[in-house]
Amino acid sequence: MVFTGIGKFEMKTFKERKYKYQREYLEEKNKIEFSDDLEILIERHYKEIKPERILDIF
């Protein structure tokens, strides 16, 4: 029998703590904070479709 040093319970607890820490870290990293006087303007840009590139199948 080989002794690994970490039992199943300890490994499960370790993985749960690691997952919780990583989630908290990523949420904090990806959090976007806006000041009160900031106005959000989203402008979409689409690629121009040239008529000569359109295939007439019918």
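Look above for the structure.
This write-up is about the structure you can find in this document. Residue positions within a chain follow its written sequence, with the count starting from 1. Local features in a predicted model are, by the rule used here, given only for residues with pLDDT of at least 70; side-chain atom pairs are given and counted only at 80 or more, and totals for whole chains, interfaces and linings are based on all residues. Excluding hydrogens and water, the side-chain figures rest on all heavy atoms present in the structure.

Regarding the overall build of the chain
So, step 1. Secondary structure elements follow DSSP: runs of H or I of four or more residues count as helices, runs of E of two or more count as strands, with numbering from the N terminus. Tallying secondary structure elements over the chain gives one helix and zero strands in all.
So, step 2. Three exposure classes are used, based on accessible area relative to the maximum for each residue type with a 1.4 Å probe and protein chains only: buried under 20%, partly exposed in between, and exposed over 50%. Going through the 58 residues of the chain one by one, you find that 2% of them count as buried.

Regarding a nonpolar patch on the surface
So, step 1. There is a patch of nonpolar side chains on the surface, built from Tyr-21, Tyr-25 and Leu-26 and spanning about 340 Å² of accessible area.
So, step 2. Relative to the helices and strands, Tyr-25 resides in helix α1 (residues 8-30).
So, step 3. Judged by its relative accessible area of 47%, Tyr-25 is partly exposed. In this analysis, a patch consists of residues with relative accessible area above 30% that form no salt bridge, clustered at 9 Å for like charges and at 5 Å for the nonpolar side chains Val, Leu, Ile, Met, Phe, Trp and Tyr. Residue exposure ignores everything except the shown protein chains as possible cover, and the areas themselves are Shrake-Rupley values with a 1.4 Å probe. Basic side-chain nitrogens of Lys or Arg form a salt bridge, by our definition, when they fall within 4 Å of a carboxyl oxygen of Asp or Glu.

A short note on the pattern of salt bridges
So, step 1. A full pass over the atoms with the stated rule returns one salt bridge.
So, step 2. Lys-31 is the salt-bridge partner of Glu-28, the closest N and O atoms lying 3.4 Å from each other.

Details of α1
Counting along an α-helix, one turn takes 3.6 residues, and residues three or four places apart therefore face a common direction.
So, step 1. The end-to-end C-alpha separation of α1 is 33 Å, in line with the 33 Å expected for 23 residues at 1.5 Å each.
So, step 2. Here α1 lies mainly on the outside; one of its 23 residues are buried. Take the number of residues in a helix, subtract one, and multiply by 1.5 Å to get its expected span.

The values are spatial; any link to function lies outside them.
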